[in-house]
Amino acid sequence: NVTSVPTFYIFAFATSEYQKIIILTTVLVIYLIILNGNLLIILLICLEPRLHTPMYFFLCNLSTLDILYVSTTLQLIYVCHTGDHVVSYSSCMVQMYFYLVFADTECLLLTSMAIDRYVAICFPLHYSLIMSKQVCVLLSFPAWFVSSINVSIVTFLVYNLTFFGLVEVKNFFCDLKALMNVSISDTTSSKTFIIIDSLFFGVIPSCSILASYVRIIYTVLKIKSSAERWKTFSSCSSHITIVVVYFSCAMSLYLSNSQEADVVLSLMFGTLVPMLNPLVYSLRNRDIIWAIRRRIHKNRTCF
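Residues numbered from 1 in each chain as written. Predicted model: local features only at pLDDT ≥ 70, side-chain atom pairs only at ≥ 80, totals over all residues. Heavy atoms only, no water.

Caption draft 1: Just helix H10 (residues 237-255), in detail. Taking 1.5 Å per residue, 19 residues should reach 27 Å; H10 reaches 27 Å between its end C-alpha atoms and fits that length. Those residues of H10 not exposed but buried are Ser237, Ser238, His239, Ile242, Val243, Val245, Tyr246, Phe247, Cys249 and Leu253. (Helix = DSSP H or I, 4+ residues; strand = E, 2+ residues; numbered from the N terminus. Expected span 1.5 Å × (residues − 1). Buried < 20%, exposed > 50% of the residue type's maximum accessible area, 1.4 Å probe, protein only.)

Structure (structure tokens):
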């Protein structure tokens, strides 16, 4: 039940030459920050034995995910550079699939990181035993697997919708919400499933993260020394920052009823979180800063 002309026209921003240059330059700079920042974290975690802990295992997964996640929307750079807004039906479906997989996986991965922080603070003596390599893999691999299966169902629903002619998608990539709006099919049942699915992937992880931090705060408050309380809770500050930004952008995008707002929120959702991850974990993490200094010193001594 697919369109006879399987093409989409990506249209999100004004197309004057001056605006194209501004958008292209801005997005390219942001992408390079995201790519280089996350690659730096991945390399440091792989090279430094001191960073071979559960916390940095999840962070390495998150950095890898952020690179893949933001790379799915590079179409905006291509559109601005070439002026070619037309995307084939199959390319659109593939882009939407991977974008949703990475978005869902990030949500579940942030939940796994919250569980890691909960165990580290509430059960410090048993942390190494509880958060073994096997447990870390069991917390990370299902996030990728479950997201892939879930998004396959969503993609199948969209694939079976009918589109007519050269369809204008009012976003800078093949966004699920934008595609549902331009279909000429009855999307009631599909939208109902997607709403339930979004609530499942939004409410359960957010409640799990909230429950973890309620328990963490309760444990931290029992520490007598204010300096120790701050030191203990500060180990969660980077994760809390990412979680707040991620779920705030996701919730705003979910509740938005404006196409113009969807474009802006999608851009924030697709760039702000992946860019914040390396910045927050680099500037506010003593282990990462130590690893960077050690690598610099080691390279100097080699020369």
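Caption draft 2: Inspection of the pattern of salt bridges at higher detail. Applying the stated criterion across every chain, the model contains two salt bridges. Taking the shortest distance from any N to any O, the salt bridge between Arg117 and Asp116 comes out at 3.0 Å. Take Asp116: its relative accessible area is 2%, and that puts it in the buried class. Close ionic contact of Asp262 with Lys177 constitutes a salt bridge, the shortest N to O distance being 3.5 Å. Separated by 85 residues along the polypeptide, Asp262 in helix H11 (residues 259-283) and Lys177 in helix H7 (residues 176-182) bring together distant segments of the chain. (Salt bridge = Lys/Arg side-chain N within 4 Å of Asp/Glu carboxyl O.)

Caption draft 3: Quick peek at the UniProt feature "transmembrane region" (unreviewed entry) in the protein. The positions that UniProt labels "transmembrane region" (unreviewed entry) are, in the present scheme, residues 21-44, 56-77, 97-115, 135-159, 193-218, 239-257 and 263-283. A helix fraction of 100% and a strand fraction of 0% characterise residues 21-44, whose end C-alpha atoms lie 34 Å from each other. Along residues 193-218, the helical share is 100% and the strand share 0%, with 37 Å between the first and last C-alpha atoms. (UniProt positions renumbered as here; feature names shortened; annotations may be inferred.)

Caption draft 4: Structural detail: the state of the cysteines. Scanning the model with the defined rule gives one disulfide in all. Cys46 supplies the cysteine sulfur nearest to Cys60, a cysteine that is in no disulfide, at a spacing of 4.6 Å. Looking at the unpaired Cys207, the closest cysteine sulfur is the one in Cys107, lying at 11 Å. Using a relative accessible area of 45% as the deciding quantity, one classes Cys207 as partly exposed. (Disulfide = S-S within 2.5 Å.)

Caption draft 5: Broad picture of the packing of aromatic side chains. Counted by the stated rule, this structure contains 17 aromatic pairs. Both rings, one in Phe8 and one in Phe163, keep their centres 5.2 Å apart while their planes meet at 80°; by these two values the pair is edge-to-face. Taken together, the residues Phe8 in strand E1 (residues 7-10) and Phe163 in the loop between helix H6 (133-159) and strand E3 (167-169) connect sequence positions 155 residues apart. Taking relative accessible area as the criterion, Phe163 reaches 2% and is therefore assigned buried. Geometrically, the ring pair formed by Tyr118 and Phe123 is edge-to-face, given 5.7 Å between the ring centres and 85° between the ring planes. With relative accessibility at 23%, the residue Tyr118 sits in the partly exposed group. (Phe/Tyr/Trp six-rings, centres within 6.5 Å; stacked < 30°, edge-to-face > 60°.)

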